[in-house]
Amino acid sequence: MRTAKDYIIFPLDVPSAAEAKTLVTLLSGEVGMFKVGLELFIEAGPEIVRFIRSEGARVFLDLKLHDIPATVSRAMRRVADLDVDFATVHCGESRGMLDAAVAGSGGKVGVLGVTVLTSVTPRDIAEAGFEAGFAADVTRLVMRRAAMARDAGCVGIVCSGREAAAVKAAFGKDFLAVTPGIRPADGASDDQRRVTTPADAVAVGADYLVIGRPIRDAADPREAARRIGREISAALASSACG
Ligand code: C5P
């Protein structure tokens, strides 16, 4: 049985290994997985991955690969040797890029396809030249990209909580929906646009919630993580009853 902690992925969006390590030590009782993104990986490299592992937590290496298939495959081969649980590739370019990511992973890391970033709005989609139907209904674009990711053999996708129900209904419970853009009901949305609360994300079937600034920037990050954990536990309990 998964607990609230298993749902929370905390992004280590900090510029130094020292700050990252402090946060891992502080939060590893409340957070099951830590996300290492470009900022920290450029600074701290594979050593920070080994540190997180040594603290008994899981690792999501979020490098959001986006390149020609040969380059993506070669990069994913290096990622596969780092002993991480998940790694990301963008779905927006081509099926070939997704196939290459999955081939490079060699089954040693779960590849997640990034569908439409949670900071993206319908207007951004229209400006990027997509047909009007995709801008009017972002879920359509997410679903198109999720289908590519599923067909390529990705273990799941990154999408907003607003799209998670449609993804789970179409692709089944084993195809993971990882949802950033999570904000407690009274929280600031920052640069995120397609946001959901922790409880809503869990209620619609999200498997993992990426929750950064509401924890990192809180006066007491551990208490903020605990509060979010309680909200997730309550949502899990009411889903089980319903
Ligand atoms: O909760 P907060 O907005 O701080 O989370 C930001 C984190 O979520 C960043 O690390 C960002 O890379 C990640 N992310 C995102 N949207 C996506 C995928 C990842 O915001 N679609």
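Reference entry: report on the structure contained in this document. In every chain, residue numbers begin from 1 and rise along the written sequence. Reporting of local features is limited, given that this is a predicted model, to residues whose pLDDT is at least 70; pairs of side-chain atoms are given and counted only at 80 or more, and all residues count toward the totals for whole chains, interfaces and linings. Based on all heavy atoms of the structure, the side-chain values leave hydrogens and waters out of the count.

**What to know about the side chain of T197**
Reasoning step 1: We count a stretch as a helix when DSSP gives it H or I for four or more residues in a row; a strand needs E for two or more, and each element gets its number in order from the N terminus. Within the secondary structure, T197 is located in the loop between β7 (176–179) and α10 (198–203).
Reasoning step 2: Exposure classes here rest on a 1.4 Å probe applied to the protein chains alone. A residue is buried below 20% of its type maximum, exposed above 50%, and partly exposed in between. Its relative accessible area of 18% is what places T197 among the buried residues.
Reasoning step 3: Only 3.1 Å separates the side chain of T197 from the backbone nitrogen of D200, close enough to count as a polar contact.
Reasoning step 4: Residues count as neighbours in contact if any of their non-hydrogen atoms are within 4.5 Å of one another. Apart from the residues lying within four places of it in its own chain, the contact partners of T197 are I182, R183, P184, A185 and E231. Under the rule applied, a polar contact is a pair of N or O atoms within 3.5 Å (in protein, one hydrogen donor and one hydrogen acceptor; residues adjacent in sequence only if both atoms are side-chain atoms).

**Topic: the site of the ligand**
Reasoning step 1: Residues in contact with the ligand amount to 16 residues; listed here are only the nearest, D13, K35, R183, Q192 and R213.
Reasoning step 2: Note that an oxygen atom of the ligand is positioned 2.7 Å from one of the side-chain N or O atoms of D13.
Reasoning step 3: Using a 1.4 Å probe, accessible areas were evaluated by the Shrake-Rupley method; residue-level cover was limited to the displayed protein chains. Protein contacts shield 87% of the accessible area of the ligand, which totals 470 Å² for the unbound molecule.
Reasoning step 4: Among the secondary structure elements, those contributing two or more residues to the shell around the ligand are β3 (58–65) and α11 (213–216).
Reasoning step 5: Residue polarity follows a fixed list, in which Ala, Val, Leu, Ile, Met, Phe, Trp, Tyr, Cys and Pro are nonpolar, Asp, Glu, Lys and Arg are charged, and the others, Gly among them, are polar. Considering only residue class, the shell around the ligand consists of seven nonpolar, three polar and six charged. Nearness is judged by heavy atoms alone; a residue qualifies as near a molecule or strand once a single heavy atom is within 4 Å of it.

**So, unusual backbone geometry**
Glycine aside, residues mostly have negative phi angles, and peptide bonds mostly take the trans form.
Reasoning step 1: We note that K64 has phi near 45°; this positive angle belongs to a residue other than glycine.
Reasoning step 2: Residue placement: K64 occurs in strand β3.
Reasoning step 3: Judged by its relative accessible area of 28%, K64 falls in the partly exposed class.
Reasoning step 4: Here the phi dihedral of D83 falls at roughly 60°; this positive angle occurs in a residue that is not glycine.
Reasoning step 5: Note on placement: D83 falls in the loop between α4 (69–80) and β4 (86–90).
Reasoning step 6: Taking the relative accessible area as the measure of exposure, D83 reaches 47% and is therefore partly exposed.

Shape is all these values report; function is a separate question.
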